[in-house]
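Chain and residue survey
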Amino acid sequence: MVEKTLAIIKPDAVKKKAVGKIVQRIEEEGFSISGMKQLHLTKEEAEGFYIVHKEKSFYGSLTDFMSSGDIIVLVLEREDAIAHWRKTMGVTDPALAEPGTLRHSFGFSVERNACHGSDAPETAAWEIDYFYKKP
Ligand code: DAT
Ligand code: MG
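Residues numbered from 1 in each chain as written. Chains lettered and ligands numbered in written order. Predicted model: local features only at pLDDT ≥ 70, side-chain atom pairs only at ≥ 80, totals over all residues. Heavy atoms only, no water.

Details of the site of ligand 1
Taken together, Lys10, Tyr50, His53, Phe58, Leu62, Arg86, Thr92, Arg103, Val110, Glu111 and Asn113 make up all the residues around ligand 1. In the environment of ligand 1, an oxygen atom lies 3.1 Å from a nitrogen or oxygen atom belonging to the side chain of Arg86. Within the side chain of Arg103, a nitrogen or oxygen atom sits 3.0 Å from an oxygen atom of ligand 1. When the free accessible area of ligand 1 is taken as 510 Å², the share hidden by the protein chains comes to 75%. With respect to the detected pockets, ligand 1 is housed in the largest pocket. Here the shell around ligand 1 is built from residues that sort into four nonpolar, three polar and four charged. (Near = heavy atom within 4 Å. Polar contact = N/O pair within 3.5 Å; in protein donor to acceptor, adjacent residues only side chain to side chain. Areas by Shrake-Rupley, 256 points an atom, 1.4 Å probe, with all protein chains shown as cover. 1 Å grid on protein atoms, 1.4 Å probe; cavity = no way out; pocket = protein on both sides within 12 Å on 5 of 7 lines; lining within 4 Å. Sits in = over half its atoms within 2 Å of the grid points. Nonpolar A, V, L, I, M, F, W, Y, C, P; charged D, E, K, R; others polar.)

In structure tokens form, the structure reads like this:
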């Protein structure tokens, strides 16, 4: 089924100038880019985006990191976009991510892991709305 997912190129990857390589990979994987914008989140906007993790020990440092620099927020469209993008990124911890995945190539730590992807149809719809809802 053709579906959409929300992807973010995180501040660590933007700082290391990996945006071009990651966007190239997105296109090589057959995604259509139906939205793409550069933002610098406030701490409050990062907290809102990661609200599902608010009880986690890493919530404070994750939202500090996500509001520490520019990010690129994309809507990606493809057959099985959600699962395919998560496979392209690799698992959360770059140290455990398979060679060839984006997190293996560009991630630095479990927190500074280069990219984000939605994990289910409901979260994809919510996350796309979070950044792209028409006023
Ligand atoms: P994912 O981004 O693979 O969906 P997640 O939803 O479990 O992973 O966590 C969201 C983000 O929070 C993740 O990309 C990086 C950060 N994170 C997760 N687990 C962490 C941990 N144990 N320590 C620090 N940051 C963590
Ligand atoms: Mg997640």
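Still more to cover.
Focus on the layout of surface pockets
Approximately 540 Å³ is the volume found for the largest pocket. Lining the largest pocket are 23 residues, and of these Tyr50, Val52, His53, Leu62 and His116 sit closest to its centre. Elements with a contribution of two residues or more to the lining of the largest pocket: α5 (81-89), β4 (115-117) and α7 (121-132). Taken together, the residues of the lining of the largest pocket sort by class into ten nonpolar, seven polar and six charged. (Points joined across faces, edges and corners; volume = space filled by probe spheres on them. Helix = DSSP H or I, 4+ residues; strand = E, 2+ residues; numbered from the N terminus.)

What is shown is where atoms sit, not what they do.
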